[in-house]
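# An overview of the molecular structure
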Amino acid sequence: MDYRRPLTYSLINAAWGAGVGRILSAALEAVDPYAAVLSRLKVDGESLIAGGQVYDLESVGDVYVVGAGKAGERMSRAINSLLGGRLRTGLVVVKDGHEGPPELQSQSNIEILTARHPVPDKRSVSAAQRIRAMLQDTQPEDLVICLISGGGSALLTDPAPGVSLREMQSLTEALLASGANINEINILRKHLDQVKGGNIARLAAPARMLTLILSDVVGSPLDVIASGPTVPDPSTYADAIEILQRYDLEHVIPPSISRHLEQGRQGSYPETPKPGEPFFNHIQNIVIGSNQQAAEAAIIQAQSEGYYTLLLTTFLQGEARQAGRVLAAIARQINTSGQPIPRPACVITGGETTVTLRGDGLGGRNQELALGAVEEMDGIPAAALVSLASDGGDGPTDAAGAVVTGETLSRARALDMRPADFLARNDAYHFFEPLGDLLRTGPTRTNVNDLTFLFLN
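Residues numbered from 1 in each chain as written. Predicted model: local features only at pLDDT ≥ 70, side-chain atom pairs only at ≥ 80, totals over all residues. Heavy atoms only, no water.

Relative to each other, helix H3 (residues 33–40) and helix H4 (residues 72–83) sit at 40°, their axes nearing to 7 Å. Classified by the angle their axes make, H3 and H4 are oblique. Classified by chirality, the crossing of H4 by H3 is right-handed. For the pair H3 and H4, the contacting residues are Pro33, Tyr34, Val37 and Leu38 in the first and Arg74, Met75, Arg77, Ala78, Ile79, Ser81 and Leu82 in the second. Taken together, the residues that form the contact of H3 with H4 break down as 8 nonpolar, 1 polar and 2 charged. (Axes fitted to C-alpha atoms, helices over the stretch in contact; angles between N-to-C directions. Helix = DSSP H or I, 4+ residues; strand = E, 2+ residues; numbered from the N terminus. Parallel < 35°, antiparallel > 145°, perpendicular 65-115°, else oblique. Left-handed = near helix turned anticlockwise from the far one by under 90°. Contact = heavy atoms within 4.5 Å. Nonpolar A, V, L, I, M, F, W, Y, C, P; charged D, E, K, R; others polar.)

Written out as structure tokens, the structure is:
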């Protein structure tokens, strides 16, 4: 997808015109990874300037690039445009479909690998092991540039000794189905992996490290984004065990995982690197983009399109279907009373909801959020809810999200479809597909959480 061109969606555009597409596109363009890197890094003669810190390139030895995440290809291209001739080697792993055009890859000094997401595969392990081998050669005068974005936890995986890839896959699937949030999921990952939770920083020592981070986590906590490979990890083995207990997963996960965590709690394995480790003194971490930036850009564009606007929150969390009901209730409040803003209204939220799997349907959290809003949105005139995954992929589907209007329920009933039936089996995709209301953008090659838009004309 080229998000510098307005998104198109026939049902919305027929009612509201192309302005809605321009608003969605403005959000994505504001967090374009290529532009985000170039906005924070500058090369001035023999100086690399990053967030106010200056690296003297004449005194730097070898420059390495490593990284993982859905935005990795565009981040890599930006680094290559700045430092291509100075790079010794580079390797970044991205999600399948996010690798960019082949002709652009051939022009880069940074190798782009692909792997599976959200459940890791053999390619995830191979990429992690190649990065570990690369970092073994670093010297104190070298500079390692690490590019981190959402999805990095799955894309870069190197299971702890005694834990197999298949067992990590099983754990990931169980956590995703449980309704655990990304903070909780990544605490488990950090304590079962050799490159997460500050371990890339440990491996890169004694070299200096500059980490550029495109945040896909609510509030942008650095230790959670891609499982915090270059920052101290405040969590413990005991925390990981408590999360398994919280979601009643102790008897679901492979015994080797329970055994490793318990032995870690007892001190048989070292903890993840904690604050105070000397090698963290040589690392600079910079957040170059976030959900907040995307939402603010959308607000500005919506105002230029003539809407009254409200950025409600960028901390939207909880069960997706419940969040959908709440957002639809806000639409009904605007329709009834003109509060909290009058028509024409654009209300924007950002965040990351969760889905507790109870059925065997198909969908993602954005589609389930939209499905949860269908009944509450019914009958509201000239109203639409648009739920969008900023990376262009919502769950294991080809959709980025879905659109709900005041007519969605009546159109579904005409096809003998009841939202409650589809919610019961987590099957939002097959509810919206026959209605033509799935939002398909293709991979955007950025990733800053989800965005939801309420429009009322």
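Below, the discussion takes up the confidence of the model for the protein. The predicted model of the protein has a mean per-residue pLDDT of 94, with 95% of residues at 70 or higher. Here residues 1–6 is a poorly scored stretch, pLDDT under 50, and it has 20 contacts once near neighbours within four places are set aside; other chains count. (pLDDT = per-residue confidence, 0-100.)

Once that is clear, we can look at the sheet that holds strand S4 (residues 63–68). The pairing of strands in a sheet comes from backbone hydrogen bonds and takes either a parallel or an antiparallel form. Spatial ordering of the open sheet is given by S6-S5-S4-S7-S8-S9, a layout of 6 strands whose pairing is parallel. Since the sheet does not close on itself, it has two edges, and those belong to strand S6 (111–115) and strand S9 (283–289), each with one partner. If you compare each strand with its neighbour and ignore which way they point, the axes differ by 15° on average. Alignment of strand S7 (residues 143–149) against strand S8 (residues 208–214), held across 7 bridges, turns out to be parallel. The residue of S8 that forms the bridge with Val144 is Met209. Packing against the sheet, H3 makes contact with S8 and S9, and its axis sits at approximately 130° to S9. Its contacts with the sheet place H4 against S4, strand S5 (87–95), S6, S7, S8 and S9, and it is angled at close to 150° to S7. (Pairing = 2+ DSSP bridges.)

Before going further, it helps to examine unusual backbone geometry. Geometrically, the link from His117 to Pro118 is a cis peptide bond, its omega value of 10° lying close to zero. Across the junction of Gln339 and Pro340, the peptide omega takes the value 5°, indicating a cis bond. Summarising the element assignment, Pro340 is placed in the loop between helix H14 (320–337) and strand S11 (345–351). One non-glycine residue, Ala226, lies in positive phi territory at about 55°. Relative to the elements of secondary structure, Ala226 occurs in the loop between S8 and helix H11 (237–246). Even without glycine at this site, Ala382 takes up a positive phi of about 50°. Looking at the element boundaries, Ala382 is found in the loop between helix H15 (365–377) and strand S12 (383–389).

Within soluble globular proteins, side chains that are nonpolar generally end up buried alongside one another. In this structure, Ile79, Leu210, Leu212, Phe453 and Phe455 are the most contacted members of the largest nonpolar core, which totals 50 residues. Tallying contributions element by element places helix H13 (residues 291–304) first for this core, with 5 residues. Core analysis: the next-biggest nonpolar cluster, separate from the first, contains 37 residues, Ala323, Leu385, Ala399 and Leu438 among them. (Core = buried A, V, L, I, M, F, W, Y, C linked by side-chain atoms within 4.5 Å. Buried < 20%, exposed > 50% of the residue type's maximum accessible area, 1.4 Å probe, protein only.)

We now examine the pairing of strand S13 (residues 401–405). Judged by how many residues are buried, S13 sits mostly within the fold: 5 of 5 residues are covered. Side-chain alternation along S13 places Gly401, Val403 and Thr405 on one buried face and Ala402 and Val404 on a second face that is also buried. The pairing of S12 with S13 spans 5 bridges and is antiparallel. Note that in S13 the partner of Val386 across the bridge is Val403. Judged from the 2 bridges that link them, S13 and strand S14 (residues 438–439) form a sheet pairing that is antiparallel. Bridge assignment links Gly401 to a residue of S14, and that residue is Leu439.

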